[in-house]
Amino acid sequence: DPQLLNNNSSATTSLLQPQLTVSKIASPDPFVVGQAASYAITVQNTGSGSTTGDITLADTLPSGISLAGFSGSNWSCAGTTTLACTFSGTLGAGSGTTLTLDVDVAASASSGNNSATASGGGDSGCPSASRRPRAVTRGGVSPPPIPPP
């Protein structure tokens, strides 16, 4: 071809990418020493594309609070106070998943304040410090109820 300037072409396209957000709720609020308590952590894909790969959730429980059990479809967790949890499913754009952490509240617990951080799932913006998907829960701890005389 004698015209080398017309031998190329280009195309522009957008990528549909996931974006993770995290929210967390403590129940009851405040926690009561010796009574059942839980954290519900929701990881939402607010991006325009489905997640790819596992989503990892890091959560260090407050002093005096330890994991008794967990539930959530496609979730696994390891640890009792420093938790590493993994979601092995796929989240389509606009969908989410909830992990419930059932916890024991010991007499040594003074606060239920807690945070969790998500990463992975193909979200290229995390876990960068500028847009780390993180949830913070503020919660108190009450002493156990005094039984009637």
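From a predicted model like this one, the values you see are computed outputs, not experimental measurements.

## What to know about the overall build of the protein chain
Thought 1: Scanning the protein chain from N- to C-terminus turns up 0 helices and 11 strands.
Thought 2: Secondary structure elements of the protein chain, listed N to C terminal, follow the sequence β-β-β-β-β-β-β-β-β-β-β.
Thought 3: Per-residue burial for the protein chain yields a buried fraction of 34% across its 149 residues.
Thought 4: For the protein chain, contacts bridging at least 24 residues in sequence account for 71% of all contacts bridging at least 6.
Thought 5: About 8,200 Å² of surface is accessible on the protein chain, with carbon and sulfur atoms providing 53% of the total.

## What about the sheet that holds strand β8 (residues 96-105)?
Thought 1: Reading across the sheet, the 4 strands line up as β1-β3-β8-β5 and stay open at both edges, with antiparallel pairing between neighbours. Single-partner strands in this sheet number two, and they are β1 (20-27) and β5 (65-71). Adjacent strand axes in the sheet meet at a mean angle of 25°, parallel and antiparallel pairs treated alike.
Thought 2: Pairing geometry for strand β3 (residues 37-45) and β8, over 8 bridges, is antiparallel.

## A look at the packing of aromatic side chains
Thought 1: One pass over the full model with this rule turns up 2 aromatic pairs.
Thought 2: Seen in terms of ring centroids, Phe 31 and Tyr 39 are 5.2 Å apart; in terms of plane orientation they differ by 65°. Their pairing is edge-to-face.
Thought 3: Look at Phe 31 and you get buried, because its relative accessible area is 2%.
Thought 4: Judged by relative accessible area, which is 0%, Tyr 39 ranks as buried.
Thought 5: Consider the rings of Trp 75 and Phe 87, whose centres lie 5.4 Å apart with planes at 50°: the pair is tilted. One end of the pair, Trp 75, is in strand β6 (residues 75-78); the other, Phe 87, is in strand β7 (residues 82-87), with 12 residues separating them in the sequence.
Thought 6: In this structure, Lys 24 is placed above the aromatic ring of Tyr 39, and the distance from its NZ or CZ to the ring centre is 4.6 Å.

## So, the side chain of Ser 38
Thought 1: Inspection of the secondary structure puts Ser 38 in strand β3.
Thought 2: Among all residues touching Ser 38, those that are not within four sequence positions of it are Ile 25, Ala 26, Ser 27, Phe 31, Thr 100, Leu 101, Asp 102 and Val 103.

## Concerning the nonpolar core
Thought 1: Counting 29 residues, the largest nonpolar core has Phe 31, Tyr 39, Val 43, Leu 57, Leu 101 and Val 103 as its most contacted members.
Thought 2: Apart from residues lying up to four places away in sequence, Leu 57 is in contact with Ile 41, Val 43, Trp 75, Leu 83, Ala 84, Cys 85, Leu 99, Ala 116, Thr 117 and Ala 118.

## Structural notes on unusual backbone geometry
Thought 1: A cis amide bond links Ser 27 to the next residue, Pro 28, at an omega of -10°.
Thought 2: Mapped onto the elements of the fold, Pro 28 is located in the loop between β1 and β2 (31-32).
Thought 3: Here the phi dihedral of Asn 74 falls at roughly 70°; this positive angle occurs in a residue that is not glycine.
Thought 4: Inspection of the secondary structure assignment puts Asn 74 in the loop between β5 and β6.

## Considering the side chain of Thr 97
Thought 1: Tracing the backbone shows Thr 97 in strand β8.
Thought 2: Among the polar contacts made by the side chain of Thr 97, one reaches the side chain of Trp 75 at a distance of 3.0 Å.

Conventions and cut-offs
Residues numbered from 1 in each chain as written. Predicted model: local features only at pLDDT ≥ 70, side-chain atom pairs only at ≥ 80, totals over all residues. Heavy atoms only, no water. Helix = DSSP H or I, 4+ residues; strand = E, 2+ residues; numbered from the N terminus. Buried < 20%, exposed > 50% of the residue type's maximum accessible area, 1.4 Å probe, protein only. Contact = heavy atoms within 4.5 Å. Areas by Shrake-Rupley, 256 points an atom, 1.4 Å probe, with all protein chains shown as cover. Pairing = 2+ DSSP bridges. Axes fitted to C-alpha atoms, helices over the stretch in contact; angles between N-to-C directions. Phe/Tyr/Trp six-rings, centres within 6.5 Å; stacked < 30°, edge-to-face > 60°. Lys NZ or Arg CZ within 6 Å of the ring centre and 35° of its normal. Core = buried A, V, L, I, M, F, W, Y, C linked by side-chain atoms within 4.5 Å. Polar contact = N/O pair within 3.5 Å; in protein donor to acceptor, adjacent residues only side chain to side chain.

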